[in-house]
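Here are the chains, one letter per residue:
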Amino acid sequence: MTTTKKRPAGPLAQLGLAVTDGLAFLSFAFVVATISAVALRWILLHPGVSGWDQVQYIDISLKDGLTRRLDGAGALPDSLFNDYRWMPPGTRFLGLPLVSLHHDSNAAFRLLSLLLFVVSILLVFDAGRRMSGIAAAAGAAAMVAVAPIWVRGSEEFMSETALIPALALALWCLVRDAGPHPPRVLSVTMGVALGFGMLAKFSFAPLAAVFLLMLAVASWKRRSWHGCLVTLLVSSLLAWPFYAYNGLRYAAYGRFAVLWPLDEMQG
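These numbers were taken from a predicted model, which means no experiment stands behind them.

Parameters at a glance
- Residues numbered from 1 in each chain as written.
- Predicted model: local features only at pLDDT ≥ 70, side-chain atom pairs only at ≥ 80, totals over all residues.
- Heavy atoms only, no water.
- pLDDT = per-residue confidence, 0-100.
- Helix = DSSP H or I, 4+ residues; strand = E, 2+ residues; numbered from the N terminus.
- Salt bridge = Lys/Arg side-chain N within 4 Å of Asp/Glu carboxyl O.
- Buried < 20%, exposed > 50% of the residue type's maximum accessible area, 1.4 Å probe, protein only.
- Polar contact = N/O pair within 3.5 Å; in protein donor to acceptor, adjacent residues only side chain to side chain.
- Contact = heavy atoms within 4.5 Å.
- Axes fitted to C-alpha atoms, helices over the stretch in contact; angles between N-to-C directions.
- Left-handed = near helix turned anticlockwise from the far one by under 90°.
- Nonpolar A, V, L, I, M, F, W, Y, C, P; charged D, E, K, R; others polar.
- Expected span 1.5 Å × (residues − 1).
- Arc of directions from axis to C-beta.

Trainee: Lay out the confidence of the model for the protein chain with the relevant residues and their values.
Mentor: For the protein chain, the average pLDDT comes to 89, and 93% of its residues sit at 70 or higher. Looking across the protein chain, the model is least confident in helix α11 (residues 226-266), with a mean pLDDT of 86, and most confident in helix α9 (residues 185-200), with 96.

Trainee: An account of the pattern of salt bridges is needed here, citing residue identities and associated values.
Mentor: What the rule picks out here adds up to 8 salt bridges. Across the pair Arg-110 and Glu-155 runs a salt bridge whose closest N-O atoms are separated by 2.9 Å. Residue Arg-110 is found in helix α5 (residues 106-132), and its partner Glu-155 is found in the loop between α7 (148-153) and α8 (159-177); the two are separated by 45 residues along the sequence. As a salt-bridge pair, Arg-222 and Asp-177 come within 3.3 Å of each other at their nearest N and O atoms. Residue Arg-222 is found in helix α10 (residues 204-222), and its partner Asp-177 is found in helix α8; the two are separated by 45 residues along the sequence. Residue class for Arg-222 comes out partly exposed when judged on its relative accessible area of 27%. Residue class for Asp-177 comes out buried when judged on its relative accessible area of 8%. Linked by salt bridges that have partners in common, Asp-126, Arg-129 and Arg-130 make up one network.

Trainee: Break down the side chain of Ser-120 for me, with residues and values.
Mentor: Inspection of the secondary structure puts Ser-120 in helix α5. Among the polar contacts listed, one links the side chain of Ser-120 to the backbone oxygen of Leu-116, at a separation of 2.7 Å. Those residues in contact with Ser-120, other than ones at most four positions away along the chain, are Trp-150, Ile-164, Pro-165 and Ala-168.

Trainee: Could you give an account of the packing of α5 against helix α6 (residues 134-145), naming the residues involved and the relevant values?
Mentor: Contact geometry for α5 and α6: axes closest at 7 Å, N-to-C directions at 150 degrees. The interaxial crossing formed by α5 with α6 has right-handed handedness. Where α5 approaches α6, its residues Phe-117, Ile-121, Val-124, Phe-125, Gly-128, Arg-129 and Ser-132 are matched on the opposing element by Ile-134, Ala-136, Ala-137, Ala-138, Ala-141, Val-144 and Ala-145. The class makeup of the residues in the contact of α5 with α6 is 11 nonpolar, 2 polar and 1 charged.

Trainee: Report on α6, specifying residues and quantitative values.
Mentor: With 12 residues, α6 should cover 16 Å at 1.5 Å per step; its first-to-last C-alpha distance of 16 Å lies within 8% of that length. Along α6, the residues classified as buried are Ala-137, Ala-138, Ala-141, Ala-142 and Ala-145. When α6 is viewed along its axis, its buried side chains cluster within an angular range of 125 degrees and face the same direction. In this structure, the buried side of α6 is in contact with α1 (11-45), α5 and α7.

Given below as structure tokens:
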């Protein structure tokens, strides 16, 4: 969705636009740098993990590393399908490189979350820049960056560690796809983003359907279905084996995660 905006004709107007864009970008950079610095300091000062969810995700990744060392890499596919069958394995995929390289401290997992947070915010900013210019993109990306779930995702290794970059990459690909002649590799990238998003969290599935619907509309307007079909194929190849085997368990656990707080409040 790259737009060609009509820029002000006069030199003063152009200067004003440049100053506005510059100030907006500096404000955005300040917000991201502040959140990142605070998250980094918190991680380094408090290397221990808190919260049952984060302890579980790190413990599972450490177990994957132990499985690889004791039984070999060939044992991992069986573990990914048959161990912890109630949760999609997206976060486990992110933890595998760390445990394979023996960077398996609590801080290492959380620093990976921080890195992916920064990359995701930059993708959101670039998507907004392509749609509406620097100032609008800076404002939108800064608002996303301070959202509680994104701030939490910047310093905790949880399902959001995989979900946030998948969502940001899918959004970026959708904006790029809205142009008249999107690059062919974009369809594969979009498929990876949607497939990995579904492996991050079961609740991403409805969002994936919305993204695919918007891609279908764009394909219909272009009278070309190649990109949409490639995206559907790639995302299905990534997510479908796990959902075919454990999808009902993912759905049951998702229902439990939604209803449990309500039951606690009522009980």
